Structure formats: structure tokens, C-alpha cells
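The lines below spell out each chain.
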Amino acid sequence: MSRSPSIPDRPHRDIDSDLPDDERLEALRGHYEDLVDVNDQLSDQLDDAEDRRERLREKVDRVERENETLKSSSLYIATVEDILPDEQVIVKQHGNNQEVLTDVSSRIVDRVEPGDRVAVNDSFAIQTVLDTETDARAQSMEITEKPEVTYADIGGIDEQVREVREAVEQPLTEPEIFNEVGIDPPSGVLLYGPPGTGKTMLAKAVANETDATFIKMAGSELVRKFIGEGSRLVRDLFEMARERQPAIIFIDEIDAIATRRTESKTSGDAEVQRTMMQLLSEMDGFEARGEIRIIAATNRFDMLDRAILRPGRFDRLIEVPEPDRDGREQILSIHTRGMNIADGVDFAALADDTDGYSGADMESLATEAGMFAIRNDRDEVSHQDFADALEKIEEDDSSDVVSSAGYFYQ
Ligand SMILES: Nc1ncnc2c1ncn2[C@@H]1O[C@H](COP(=O)(O)OP(=O)(O)OP(=O)(O)O)[C@@H](O)[C@H]1O
């Protein structure tokens, strides 16, 4: 750093008061010139100081900006695999699956356990342990170790249950059959049909039956994120499944990322397209006889990009229709299993009166009937409660019932 210039001495001149006037005047003039000279020097020094201050301020600004950038520089997500003595851990980076032995500060070491998701910096040092709140990516997935739904909870779609068991369950539980016969099981299964008909239940029930982790992601979540985030979420989804296999990946509302290509070329479309390409490439690089099965669901089969239905992708299509009369009766008896039902409740008649109702609508009917019993201070649900519930649903919610019938698929 340059040294500050020295401050000039204050000019001093002894002027003898006995001097003749003209000499004194001359001496005073000389003193005045000294003063002006010193003043000029000081003023130059002040200008220099201000210049220096300006330069320093710019430097401070620059350093502050760099500091901010450093503070906000990217961190990577990794999973802790193992904790070793001497404050060392093995982490596996997401995305590239690289395993790294890294140090962890004593501040953090007590808080990490194998399986934790952590943020690491460029040198793989653990910066933070991600809890479920900060772990936004895990947040957009619903992960259930063992869903509670079983096949016995699903009514009216026995044929679909059979097909799903064959296409998803059997490859997981009896992979040797496929090896012996020498065929690959379907890569992905697409369930399509109106809302509330049991598609999610089916996927959960297979996970339950096969002791697989159920990992659900909604297509709409994948497209709502920032640019580039959708494909990263897809990668994360498969990464999570690999970590937790056997696993069932369930992508609901697949139409959100796999709509037919339109003419428009907005950046949003491009992003959706990228997300879908990522999904397809994950599926292409997939071990068909492995421990991860993929199920997708849609209410909008008509809108789907046919590219996702090619062999090796979602190559098994299963239609899940609205329940017929017998199906509705069966679903009603499932959803009233735990209810205190009075003698004389006629499920067959209720099934007759609920044409066009989905499984979810039948569930609402049972709940609503229970509410009528409670309102009337009874602990038993009568046929009249069901009739009242039906009337109420028809009145209040007719738009919902219409919408459940108003889906499109081929
Ligand atoms: N076939 C069914 N048997 C028994 N209950 C059903 C059936 N279908 C739907 N339900 C009830 O409706 C609820 C919603 O069903 P589910 O989420 O499986 O529908 P979905 O087809 O996945 O709907 P969406 O397309 O809207 O996601 C279930 O939790 C269940 O209580």
C-alpha cells in the first residue's frame, strides 16, 4: 500500500515589526505566498486522499461481491453412506454416484447418520445436514417405506389388479421366471382412466405386497420448478429409487411432462420436453429385470406423446375405468368395513343409484352418510343417512361428479 504523503510544515516567518513598511509588506507578501503554497499542497493531498478513498471503496465493494458469491456458491447434494472414526465419513454424491471419503467438522459429526442427505461443497466437505424442510427435492417426492393399502382395499377392478400384479409384482418377486423364459418384463406400466378410480391405490398396493419402497412424484411438480430443475428431479427420483430398492416409482399426472409436442416453442415447452427426455433416458438405461418398477398414471391418455409408449418405455397399458354397478357395491362395502352400519342398509340399491360415481365418490358417500348419523346423534348409520348423503352430494357436488366423468382418454 502507498504511504501517505507527509503533511507540509506550517509556514513560519519572523517579521521584525521595526522593519520599514515596504520591507515588512514584502515579508508579509512572502509569508502569504508560503501559505498559498502550503494550501495548494494540502489541497492536492486532499484530492489524492479522496481518489484513494474512492479506489478503496470500489475494492471493498468488489470484495463484498466476491464474498457474497462465495457464500452463495453451489453446493451439491450427497447421501452419507458410512461414518468412520476420526471424524471421517463416506458420502455418495447424487447425480454421478461418486463415493468420496471426506472430513466432517466436529460441529456436524454428531448430527449425521448413514442415510442422511447432506450438502457438500466443491471439496466435498459437508456444509449442512439437510432436514426434510430444507430438502426441497425430497419434499416433492412422497416416499413411503411400506404403504398400508392392500389389494383387499381395492374394489371393482379385479382384472386391473391381476394385470398389475403380473406386470409389476411378478418381475419383483419371481424374476427367475422371466430369466427362464428369456423375456424382459414390461419396462413401465401406464395406468389410465378417470380420476379417483384407484390408480394410486393399485401402485401402493403392489409396493405393499412386494415390500418395496413407494416413491411418488406428481408430473405437475416436475414442471413447476425452475429451468433445469425438472430433469434434475427426474434424476433424483431414479437415484432415490436405486438407493432404496426394491422400489416402485409412481409418476402421477404423467401427461404434465409427456404431452404431445405442439407447434409452440416457448421456453416452458422446451423445459417440459427436457424433463420428458430425461425420464426417457433414465428408463432407457434401466435394467428391465431389476428391482425398480415404474408405474405412471394419467387421466388424459389422449394427450400423451406417443414416444413414451414405445417398447422399453411405458409398454404395458392398463385402463382403469369407472366402476360398474357391482364394482360400486364392492367399493361401498370396502369403505364401510369399519363403520357401524345398521341392518337394512341396501348397498345394492345404493350401487344402482350411483351410476357414474368413481371409487373416490363412493368413499365420499360413505363418509357423508356417517356425518348424517353423527348430526342426528346416532352411532349407527342407517339407509336413510346414505340416501340423504346421496342427495347432498348430488346437490352440492354435482360439478365434481360431472368432472370425474368429463375426462378424456381413448
Ligand atoms: N377401486 C377402488 N376401490 C376402493 N377405493 C377406491 C377405489 N378407487 C378409488 N378409491 C378411493 O378413492 C381414493 C382416491 O383414489 P386414487 O387416489 O387411487 O385414485 P386415482 O385413480 O389415482 O385418482 P387420480 O387420477 O385423481 O390421481 C382412494 O384413497 C380410495 O379411498
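Residues numbered from 1 in each chain as written. Predicted model: local features only at pLDDT ≥ 70, side-chain atom pairs only at ≥ 80, totals over all residues. Heavy atoms only, no water.

## With respect to the UniProt feature "binding site: ATP" (unreviewed entry) in the protein chain
Within the UniProt annotation, "binding site: ATP" (unreviewed entry) is assigned to Gly 196, Thr 197, Gly 198, Lys 199, Thr 200, Met 201 and His 335. Note on Gly 196: relative accessible area 33%, which makes it partly exposed. With sequence-adjacent residues up to four places away left out, Gly 196 is seen in contact with Ser 358, Gly 359 and Ala 360. Note that His 335 resides in helix α10 (residues 325–335). With a relative accessible area of 25%, His 335 lands in the partly exposed category. (UniProt positions renumbered as here; feature names shortened; annotations may be inferred. Buried < 20%, exposed > 50% of the residue type's maximum accessible area, 1.4 Å probe, protein only. Contact = heavy atoms within 4.5 Å. Helix = DSSP H or I, 4+ residues; strand = E, 2+ residues; numbered from the N terminus.)

## Details of the packing of aromatic side chains
One pass over the structure, following the stated rule, counts 3 aromatic pairs. Between Tyr 192 and Phe 301, the ring centres sit 4.3 Å apart and the planes meet at 25°, which makes this aromatic pair stacked. Note that Tyr 192 is positioned in strand β7 (residues 188–192) and Phe 301 in the loop between β10 (292–298) and β11 (314–319), a separation of 109 residues in sequence. Per residue, the accessibility class of Tyr 192 equals that of Phe 301, and both read buried. Taking 5.9 Å as the distance between ring centres and 25° as the angle between the ring planes, the aromatic pair formed by Phe 214 and Phe 250 counts as stacked. Note that Phe 214 is positioned in strand β8 (residues 213–218) and Phe 250 in strand β9 (residues 247–252), a separation of 36 residues in sequence. Accessibility classification places Phe 214 together with Phe 250 in one group, the buried group. Against the face of Phe 301 rests Arg 306, its NZ or CZ located 5.2 Å from the ring centre. (Phe/Tyr/Trp six-rings, centres within 6.5 Å; stacked < 30°, edge-to-face > 60°. Lys NZ or Arg CZ within 6 Å of the ring centre and 35° of its normal.)

## Here we look at the site of the ligand
For the ligand, the set of nearby residues contains 17 residues, the closest of which are Gly 196, Lys 199, Thr 200, His 335 and Glu 363. Within the contact set of the ligand, an oxygen atom lies 3.1 Å away from a backbone nitrogen or oxygen of Thr 197. With respect to the ligand, the side chain of Glu 363 contributes an N or O atom lying 2.8 Å from an oxygen atom. Elements represented by at least two residues in the shell around the ligand include exactly α6 (199–210), α10 and α12 (359–375). For the shell around the ligand, a count of residues per class yields 5 nonpolar, 8 polar and 4 charged. Counting only domains with at least three residues in the shell around the ligand, you end up with domain 3 (141–319) and domain 4 (325–405). (Near = heavy atom within 4 Å. Polar contact = N/O pair within 3.5 Å; in protein donor to acceptor, adjacent residues only side chain to side chain. Nonpolar A, V, L, I, M, F, W, Y, C, P; charged D, E, K, R; others polar. Domains from an automatic or database assignment.)

## Side note on the nonpolar core
Judged by nonpolar contacts, the single largest core of 32 residues is most densely connected at Phe 238, Ile 254, Leu 279, Ile 308 and Phe 314. The set of elements that each furnish at least two residues to this core consists of β7, β8, α8 (229–243), β9, α9 (267–284) and β10. Among the elements that line this core, the one with the most residues is α8, at 6 residues. Setting aside residues no more than four positions away along its own chain, Phe 314 makes contact with Gly 188, Val 189, Leu 190, Ile 254, Leu 279, Met 283, Ile 294, Ile 295, Ala 296, Ile 308 and Leu 309. Of all hydrophobic cores here, the second largest spans 24 residues; its members include Ile 154, Ala 203, Ile 318 and Val 320. (Core = buried A, V, L, I, M, F, W, Y, C linked by side-chain atoms within 4.5 Å.)

## Concerning the sheet that holds β9
One open sheet accounts for 6 strands, arranged β6-β8-β9-β10-β7-β11; its pairing is mixed. The sheet is open, and its two borders are formed by β6 (141–144) and β11, each paired with just one other strand. This sheet shows a mean twist of 20° between the axes of neighbouring strands, independent of strand direction. Inspection of the sheet shows β6 paired to β8 by 4 bridges, in the antiparallel sense. Each residue of the ladder has a partner; that of Ile 143, found in β8, is Ile 215. Helix α4 (residues 158–173) rests against β7, β9, β10 and β11 of the sheet, and its axis sits at about 150° to β11. (Pairing = 2+ DSSP bridges. Axes fitted to C-alpha atoms, helices over the stretch in contact; angles between N-to-C directions.)

## With respect to α12
Taking 1.5 Å of rise per residue, 17 residues should cover 24 Å, and α12 covers 25 Å from first to last C-alpha, within 8% of that figure. Taken residue by residue, α12 has Gly 359, Asp 361, Met 362, Leu 365, Ala 366, Glu 368, Ala 369, Gly 370, Phe 372 and Ala 373 as its buried positions. Looking at where α12 begins, the residue whose side-chain oxygen comes 3.3 Å from the main-chain nitrogen of Ala 360 is Ser 358. Once α12 finishes, Asp 377 follows within two positions and takes phi at roughly 60°, a positive value. (Expected span 1.5 Å × (residues − 1).)

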